[in-house]
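If you want the building blocks of each chain, they are given just below.
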Amino acid sequence: MDLLSNLALGFQVALTLDNLLYCFGGVVLGTLIGVLPGIGPVATISMLLPFTFHLPPTSALIMLAGIYYGAQYGGSTSAILVNLPGEASSVVTCLDGYAMARDGRAGHALGIAAIGSFFAGCVATLILAALAPPLAELAFQFGAAEYFSLMVLGLVAAVVLAQGSLLKALAMIVLGILLGTVGMDTTTGDQRFTFGMPELSDGLGFVVVAMGMFGFAGIIANFDTPEARDVLRTKIGSLLPGMKEIRQASGAILRGTGIGSLLGVLPGGGAMLGSFASYMMEKRLAKDPSRFGKGAIEGVAGPESANNAGAQTSFVPMLTLGLPTNPVMALMIGAMTIQGIQPGPQVMTRQPDLFWGMIASMWVGNLMLVLLNLPLVGLWVRLLSVRYRILYPAILLFCAIGVYSLNSSVVEVFLAVGFGFLGYALIKLGCEPAPLLLALVLGPMLEDNFRRALTISRGDPMVFITRPLSGVLLLLAAVLLLIVIAPNVRKARDQAFQE
Amino acid sequence: MAGLVRAPRDLLAGMFFVVVGVATLVIGADYRLGSLLSMGPGYFPRIIAILLIALGAVIVLASLRIQGAPLERWRLGPMVLVLGSIVVFGWLLERFGLMAAVAAMVVVSAYAEKGRSHVETILVAVALTALAWLIFVKGLGMPIMVWPEGMGG
């Protein structure tokens, strides 16, 4: 009953004209950047973050959330029609989606992707609404030691998700934590690694780093891969798949929603992992696995449901524990902080309208996305012919003004340039920037809880192990680390990323 | 020496992490350490720096034993132009205002992509400067210097 009244409150907030407009704006922008390769939700959200300061907090978060799950819808469009993943989470959709398109069934592939995503979005909204209150309740029981161990687990999980070398991903996490120590030490008030710059005493701005490493460095790295876009000339055809195809896909949609929701909640989770896992599962469950890669509809339905489910359920730990599990959630935490909201379990009790309004807006947003994506698919496809050479100066413009407007500080613009260089160098050295970004946000929280736990335990470091919940979390982190280091799992993981 | 290294890219990455870790220890050498019970500002960074050095060292060692990727070629041109355009933007912004900064940034960054005509560059610059004015000055009303002093608003 509580769930219903909570959702009713949420819909009251989400259905106001203002919030509907911001939600619409978010999902349109999300679809747009989802369709366009070369710009993803992390860069977009960090670009817009400084400007959301002028909005009411609920509207700001509704819009930013819309960008993230909207990108999951858009990503499938370019994957299916152009064989180009608009988003990392749509990589596997290329395999069978593009094959279906070449087969003349592009419309069916787009249709099933949208239907699957919508179904997954509805279920994930309910999961979020049902799971959040008990989790927030649990979070109140968490002490400093538990928070510390949970963050360690989350960071280890983020390594599993990074592409390429595990060791380098671990090092990037550690580097991110280290960058997080820049600024004033919150406990003692001492300045650390600020080099006498007053701009650094509040710590390295998260937006500054994100903009540098994802915005600027991403643009430079895009010059390395020549632009190749052959928009499919064949007709899209009917968008509604036949009964036989729907029946074929329905199992995949259900399973994809399940696995995506589950992997989204876990630390380190998000949209991407779910789509890979779902594809592998469908291939394994299929009576005839050889159909995959040649236009199996399950290979589109499963992963597309999973990435949307995962995108939404990854809000669970962010909203209930105040812990980001992926870079996008780290940005959402940043958005809350800019608005003066302290993220954590108290958000639900102190700002129920924000909390439930945001959850309800996701369902509304999903509905808008189906309506936007199916009839207007032709329009989105035409967008693909917008050349990157026109696009990137515009992205640079938003990034540059965005960084400046944060604190009206030119120094931060130059800092972002520095991180642009660092980001490009690291990309060239095969180090992915995403784990670093997550660690940068978690770093100060990690240190704070580490110190507090040890002060409470009178300096006994065993506290992290002897407190049962904390011990279990650390054990999980250790097991996870061992599993991914084990050679055979590594091979399977590399394979999954290559497929 | 060259025969010793099997994964040049990882070697460089590992060395980078080690250098950053060592630099952290050196810069933070006089940050008070404190004790486990009451940590000074230097305690946590030192743990993290040592962890980073250890990971970097393992990456370096692995690069000598396990075959890996060669160094990638850097696209210096686009890098200098893209980052340079932002520096130009930052330098001009508080001296000559937003319009000049945006226009100059677009022009500089446009040369990162080869084969663009000057006419196209100017068109893009004009369009984006107008867009910036529309969104940030008209729309959001950002408190920012728009035109050079003594000209217009």
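First things first, this report covers the structure right here in the doc. Fair warning: this is a prediction, and the values are worked out from it, not measured in the lab.

Comments concerning the overall build of chain B
Right, so step 1: The secondary structure content of chain B amounts to four helices and zero strands.
Right, so step 2: When the helices and strands of chain B are listed from N to C terminus, the series reads α-α-α-α.
Right, so step 3: In summary, chain B has a C-alpha radius of gyration of 24 Å against a globular reference of 15 Å for 153 residues, an excess of more than 25%.
Right, so step 4: When its C-alpha atoms are laid out on the principal axes, chain B stretches across 60 × 50 × 20 Å.
Right, so step 5: When the 153 residues of chain B are sorted by exposure, 39% land in the buried category.
Right, so step 6: Put simply, of all contacts in chain B between residues at least 6 apart along the chain, 61% involve residues at least 24 apart.
Right, so step 7: Of the roughly 8200 Å² that chain B leaves accessible, carbon and sulfur atoms contribute 72%.
Right, so step 8: Separation of charge centres in chain B, based on 11 positive and 7 negative side chains, amounts to 9 Å.

Quick word on the environment of Phe-11 of chain A
Right, so step 1: Tracing the sequence through the fold places Phe-11 of chain A in helix 1 (residues 2–14).
Right, so step 2: Sequence separation of Phe-11 of chain A and Cys-122 of chain A is 111 residues, and the distance between their C-alpha atoms is 14 Å.

What to know about empty space enclosed by the protein
Vacant regions in the atomic arrangement are exposed by a probe of water-molecule size rolled over the atoms.
All names here are of chain A.
Right, so step 1: Considering all chains together, one arrives at three cavities of 30 Å³ or more under this definition.
Right, so step 2: Here the largest cavity defines a volume of roughly 80 Å³.
Right, so step 3: Around the largest cavity sit Tyr-73, Ser-76, Thr-77, Leu-110, Ala-113, Ala-114, Ser-117, Asn-373, Leu-374 and Val-377, which together line it.
Right, so step 4: If you list the elements that add at least two residues to the lining of the largest cavity, you get helix 4 (57–82) and helix 6 (106–141).
Right, so step 5: Top element by residues in the lining of the largest cavity is helix 6. It accounts for four residues.
Right, so step 6: Grouping the amino acids of the lining of the largest cavity by side-chain chemistry returns six nonpolar, four polar and no charged.

Definitions and cut-offs
Residues numbered from 1 in each chain as written. Chains lettered and ligands numbered in written order. Predicted model: local features only at pLDDT ≥ 70, side-chain atom pairs only at ≥ 80, totals over all residues. Heavy atoms only, no water. Helix = DSSP H or I, 4+ residues; strand = E, 2+ residues; numbered from the N terminus. Rg over C-alpha atoms; globule rule 2.2 N^0.38 Å. Buried < 20%, exposed > 50% of the residue type's maximum accessible area, 1.4 Å probe, protein only. Contact = heavy atoms within 4.5 Å. Areas by Shrake-Rupley, 256 points an atom, 1.4 Å probe, with all protein chains shown as cover. Lys, Arg positive; Asp, Glu negative; His and termini not counted. Charge placed at Lys NZ, Arg CZ, Asp CG, Glu CD. 1 Å grid on protein atoms, 1.4 Å probe; cavity = no way out; pocket = protein on both sides within 12 Å on 5 of 7 lines; lining within 4 Å. Points joined across faces, edges and corners; volume = space filled by probe spheres on them. Nonpolar A, V, L, I, M, F, W, Y, C, P; charged D, E, K, R; others polar.

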